Amino acid sequence: TESRVADARNRAAGFPARIYQDNPQFQLMRTRVEYSFFKNPDTAAEHFRKQRSRGGRAAVAAQYGLVLAMTDAGQFSEARALIQPMIDFAPQNMTYRLAEVGIDIAEKRYGRAIAKLQRGLQLVPGNHPMTMTLARAYFESERYAEADRLLSEHARSKSTNAYLWYVLAEVQGLAGNSLGLHQSRAEYFALNGALKQAQEQLGLALGLASDNVTIERINQRIVFFKQVEALLRQLSS
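Residues numbered from 1 in each chain as written. Predicted model: local features only at pLDDT ≥ 70, side-chain atom pairs only at ≥ 80, totals over all residues. Heavy atoms only, no water.

1. Digging into the environment of A6
As for its placement among the helices and strands, A6 is situated in helix 1 (residues 2-13). The partly exposed category is assigned to A6, whose relative accessible area is 34%. Spatially, the C-alpha atoms of A6 and Q201 are 42 Å apart, while their sequence positions differ by 195 residues. (Helix = DSSP H or I, 4+ residues; strand = E, 2+ residues; numbered from the N terminus. Buried < 20%, exposed > 50% of the residue type's maximum accessible area, 1.4 Å probe, protein only.)

Take a look at the structure:
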């Protein structure tokens, strides 16, 4: 509400001013978000070239944006030429490494991309960006069963990530895992507040379950969603 916004602003104004050190990783992520708003990679490339030419703190992030644009434009040699000195300067920077893997995937060098990501996950198990990129590499190389296993395991620790459940459902559909598909869709719908649809998906999953453990697990989830639905009705009344 307006009164709460005003109260928050008043409280914030009471704190002493602080100068925060610029975070290079934040600049890279901001550039990635900025790039997502461009509909054409050529237009994005022109934008980031101009930014880079100005120099200063934004130049590195602008070059990263240019790598993304060149990758999507199919200019793989230039993209590699841009990302390599960045990796040489900061070999442990995961954002740069993932950009390099993104070029591999775009060039359909799936085995190369998958090997790099698997090595990375051995060093940093469960890392979300690497896991999602590996799932993408499996998906695009039509290794759907492997993508299913990877994301199903990952979803255990990222159970509130709606996009993860959405991707997992897509993968399971292509992998022929209809039971998993309906369960993942249920989680996706529930996280988006569509509890009726979530229960419908679990009902479909129940019809496919063949063992008592799975049946019991699905029934418990249905009961939970019903309880949440009832609680929300009470709160809104």
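Now that the structure has been shown, the text picks up again.
2. Describing the packing of aromatic side chains
We describe a pair of aromatic rings using the distance from one ring centre to the other and the angle between the two ring planes. According to the stated counting rule, one finds six aromatic pairs in the structure shown. On the numbers, 5.6 Å between centres and 70° between planes, the contact of F139 with Y144 is edge-to-face. Taking the relative accessible area as the measure of exposure, F139 reaches 32% and is therefore partly exposed. Of the aromatic side chains, those joined through ring pairs into one cluster are Y35, F38 and F48. (Phe/Tyr/Trp six-rings, centres within 6.5 Å; stacked < 30°, edge-to-face > 60°.)

3. Digging into helix 2 (residues 24-36)
A rise of 1.5 Å per residue sets the reference length of helix 2, with its 13 residues, at 18 Å; its end C-alpha atoms lie 19 Å apart and thus fit the reference within 8%. Q27, L28, T31 and Y35 are the residues of helix 2 that are buried. Buried residues of helix 2, viewed axially, fall in a sector of 100°; they line one side. Where helix 2 is buried, its residues meet helix 3 (41-53), helix 4 (58-72) and helix 6 (94-106). In this structure N23 caps helix 2, since a side-chain oxygen of it lies 2.8 Å from the backbone nitrogen of Q25. (Expected span 1.5 Å × (residues − 1). Arc of directions from axis to C-beta. Contact = heavy atoms within 4.5 Å. Polar contact = N/O pair within 3.5 Å; in protein donor to acceptor, adjacent residues only side chain to side chain.)

4. What to know about the pattern of salt bridges
In total, this model carries 15 salt bridges according to the counting rule given. For the salt bridge of R221 with E187, the shortest nitrogen-to-oxygen distance reads 2.8 Å. Placement of the pair is R221 in helix 13 (residues 212-236) and E187 in helix 11 (residues 178-191), with a sequence separation of 34 residues. We classify R221 as partly exposed; its relative accessible area is 30%. (Salt bridge = Lys/Arg side-chain N within 4 Å of Asp/Glu carboxyl O.)

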